[in-house]
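Tertiary structure, described
These are the residues of each chain, in order.
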Amino acid sequence: MFAFKRIFASVLLAVLCATTVTAVPYPASSKFATHRTREISPDFKIEVYHPESTYETFAEGIDHPLSKRSDVSIEDAAVAFVQSRVGIDADAVHVRSSFEGETAGHVYLKQKLNGIPFANAVANVAVNKDNKVVAFGNSFVKVPSKKAAPATPSIKVEDAVAAAEKHLKGTFESEEFPEPTIEYFAKDDGSAALTYVVQVRNDTAGTWYEAFVDAHSGDLVSVTDFVSKASYLVLPIFKEILTQGFQTLVDPQDTTSSPDGWHSDGTTTTTTTAGNNAIAYKGSQSSTTSQSSSGLVFNYPNNPNQQPTTTANVNAARVNAFYIVNTIHDITYHYGFTESAFNFQNNNFGKGGKGNDRVLVSVQDSSGTDNADFTTPPDGQSGQMRMFLWDLTNPERDGALENDIISHENTHGLTNRLTGGGTGRCLQTTEAGGLGEGWSDAFADWVEKTDATVPDYVLGQYVTDDPAGIRTHPYSTSATVNPLRYSSVKQLNEVHNIGEVWANILHNVYAALVQAHGFSTTARTDATGSEGNVVFFHLFVDALPLQPCNPTFTSARDAWIQADQNRYNGANKCILWNAFASRGLGVNAANHNDDSTVPAGC
Ligand SMILES: *[C@@H]1O[C@H](CO)[C@@H](O)[C@H](O)[C@H]1NC(C)=O
Ligand SMILES: [Ca+2]
Ligand SMILES: [Zn+2]
């Protein structure tokens, strides 16, 4: 048995190795750790590669090969350690820099090949005061000599500089910048390119790159981007409430949806919470939040123990609201809420529809408390979101810091614009207004999902400081937890209450689609998948322009069925009908009387 296992293990290992070499050169799951797509301009992207790094820490520390010798420098100790640990010759390991900190010495090393250093194969070793190695990070690579480019360049340095300037639309400032150097660059196919390393800057565009230009072909192999990009300290859109934690998000803008980012309309560029899709302010539109440091850094920590009206908390609120409204712009754009479909943008970049109608987001609006609202005039006039403070607690709480409230409000803009052709006139009846409230809750429910589970969903628990939130029941697949069904509408005459019925039905439609087709973790940025949550939001958006002005539950349902026919050839017809019918909205439902019939064949 034991022998068999060993043979089996080595066969398995060989298969794994073979796969690694011949198929995907890196595990897809580690791509975020090794790759990054750098967008040089809207029509030029480059994927940069950093070999996978391993990292080990050793608590009190472990010996290095020179431990027994006295008076060994940390540099020599680190070289010997890396050499033994990685199994390479000493001449392949080269010290780049080192320093002695208070608790450890740090040595930074580069791999060398043919005497030429690698730009992206590095290691770092920390040695503590007891001369023990306490940490080791390593991205050294194994490049067979036949996969390494020849060590002598075949193009001239001037040509490499010209290529870098052309690709990156900037200038090599010869007076100021270091002389171009030659380094190997490890590529993700296991080869090594020989590159000239050239800095290129463009002050007008605010760019500063280090270009790696292939010293044989002149191609741009990679870039280092020295400019750190926009960052926002916010509650990420998949989180709902403060206690789930603020995070710093870098470059969250989606340039497919917002080609000039969130702070430019193509003509005017700002460094505040104002841009092409939205402006977030308090009191007047001149009271926005400015970047906390250059490069569009918005780092304003919220302090929940102080009143929301302190300067720091107002800034946190404007930044979070700005981030959420822009993110919703970018998400819904992927699913069809575009310029020509009457969305909210100042500049429509010649893509149809009317512009000059970005969302005006008034945080801590003084005209109300314990609520929020969204006004949707016709296409070409700005949507107006007003976020109020909630005075049920002390300190008071800010609706702009509970993402489901912002998501709910913003969705009113989506549904009012997409129903009836951008007039803002078509969700006016009580039943249609109720559907409007339901879509708004359903979008907040959808956008927060991070996996295929469909837990009960509660809205507004932070602002009310009540785990039950602001609705009468959690949205649920359990008819015990949430007994609302189509016939419940008969008893109701307030739009939010009616909305709860629709949102609960859509919660069940969502659950059925995810159960059937699984879940995409990238649904917020990629609408091309076939997963259930992607399908759900496509049908959600597609159904809006299909339905009549002032729809009813039954006409809204029919629009979903039709949307599925249009986009998926009716592949989900029975899933949809069964979900609708499970809450009384079957084929013969009418006049708020339940029916659980599904079409023949379902
Ligand atoms: C620098 O960027 C500006 C604005 O994007 C552009 O017009 C200009 O051509 C760039 N300069 C160079 C040298 O490419
Ligand atoms: Ca518009
Ligand atoms: Zn509402």
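The structure we're discussing is the one just above.
Conventions and cut-offs
Residues numbered from 1 in each chain as written. Chains lettered and ligands numbered in written order. Predicted model: local features only at pLDDT ≥ 70, side-chain atom pairs only at ≥ 80, totals over all residues. Heavy atoms only, no water. Donors = N, O, S within 2.8 Å, 3.2 Å for Na, K, Ca; no water. Buried < 20%, exposed > 50% of the residue type's maximum accessible area, 1.4 Å probe, protein only. Axes fitted to C-alpha atoms, helices over the stretch in contact; angles between N-to-C directions. Helix = DSSP H or I, 4+ residues; strand = E, 2+ residues; numbered from the N terminus. Parallel < 35°, antiparallel > 145°, perpendicular 65-115°, else oblique. Left-handed = near helix turned anticlockwise from the far one by under 90°. Contact = heavy atoms within 4.5 Å. Nonpolar A, V, L, I, M, F, W, Y, C, P; charged D, E, K, R; others polar. Salt bridge = Lys/Arg side-chain N within 4 Å of Asp/Glu carboxyl O. Pairing = 2+ DSSP bridges.

1. Let's talk about the coordination of the calcium ion (ligand 2)
All of the protein donors around the calcium ion (ligand 2) are Asn 343 (O), Lys 354 (O), Asp 357 (OD), Asp 357 (OD) and Asp 379 (OD); their distances to the metal are 2.2 to 2.8 Å. When its relative accessible area of 53% is taken as the criterion, Lys 354 is described as exposed. With relative accessibility at 11%, the residue Asp 379 sits in the buried group.

2. Here's the deal with the packing of helix α10 (residues 532-546) against helix α11 (residues 553-568)
Closest axis-to-axis distance for the α10/α11 pair is 8 Å, and the angle between their directions is 115 degrees. Classed by the angle they form, the pair α10 and α11 counts as roughly perpendicular. Here α10 runs over α11; the crossing is right-handed. In this structure, α10 contributes Val 534, Val 535, Phe 536, His 538, Leu 539, Phe 540, Asp 542, Ala 543 and Leu 546 to the contact, and α11 contributes Ala 559, Trp 560, Gln 562, Ala 563, Asp 564, Asn 566, Arg 567 and Tyr 568. Broken down by class, the residue content of the contact of α10 with α11 amounts to eleven nonpolar, three polar and three charged.

3. Regarding the packing of helix α7 (residues 430-447) against helix α9 (residues 495-517)
Interaxial distance between α7 and α9 falls to 6 Å at its minimum, and their mutual angle equals 45 degrees. Comparing the axis directions of α7 and α9 gives the class oblique. The handedness of the crossing between α7 and α9 comes out as right-handed. Contacts from Thr 430, Gly 433, Gly 434, Leu 435, Glu 437, Gly 438, Trp 439, Asp 441, Ala 442, Asp 445 and Trp 446 of α7 reach α9 at Val 495, His 496, Ile 498, Gly 499, Trp 502, Ala 503, Leu 506, His 507 and Tyr 510. Split by residue class, the contact of α7 with α9 holds ten nonpolar, seven polar and three charged.

4. Some words on the coordination of the zinc ion (ligand 3)
For the zinc ion (ligand 3), the protein coordination sphere consists of His 408 (NE2), His 412 (NE2) and Glu 437 (OE), at 2.1 Å. The sequence pattern describing where the donors of the zinc ion (ligand 3) fall on their chain is H-x3-H-x24-E. With His 412 in helix α6 (residues 403-418) and Glu 437 in helix α7, the pair connects residues that are 25 residues apart, well separated along the chain. Each member of the pair His 412 and Glu 437 is classed as buried.

5. What to know about the pattern of salt bridges
Evaluated as defined, the whole model comprises 15 salt bridges. Here Glu 173 ties to Arg 201 by a salt bridge, and the two come within 3.8 Å at their closest N and O atoms. You can see Glu 173 sitting in the loop between α4 (157-168) and β8 (181-186) and its partner Arg 201 sitting in strand β9 (residues 192-202), a full 28 residues away along the chain. You can call Glu 173 partly exposed: its relative accessible area is 24%. Relative accessible area serves as the criterion here: at 12%, Arg 201 is assigned to the buried category. As a salt-bridge pair, Asp 558 and Arg 557 come within 2.9 Å of each other at their nearest N and O atoms. Looking at Asp 558, the relative accessible area reads 37%, which means it is partly exposed. According to the relative accessible area criterion, Arg 557 is buried, its value standing at 4%.

6. Quick notes on the sheet that holds strand β16 (residues 359-362)
If you trace the four strands from one edge of the open sheet to the other, you get β14-β16-β18-β17, paired in mixed fashion. Edge strands, defined here as strands with exactly one partner in the open sheet, are β14 (278-281) and β17 (372-375). Strand-to-strand twist across the sheet, computed as the mean angle between neighbouring axes with direction ignored, equals 10 degrees. When β16 meets strand β18 (residues 384-387), the two strands line up parallel, connected through three bridges. Paired with Ser 362 across the two strands is Arg 386, which belongs to β18. Against the sheet, helix α5 (residues 311-334) contacts β14, β16 and β18, and its axis sits at roughly 160 degrees relative to β14. On top of the sheet, α6 reaches β17 and β18; it is set at about 20 degrees to β17, its chief contact.

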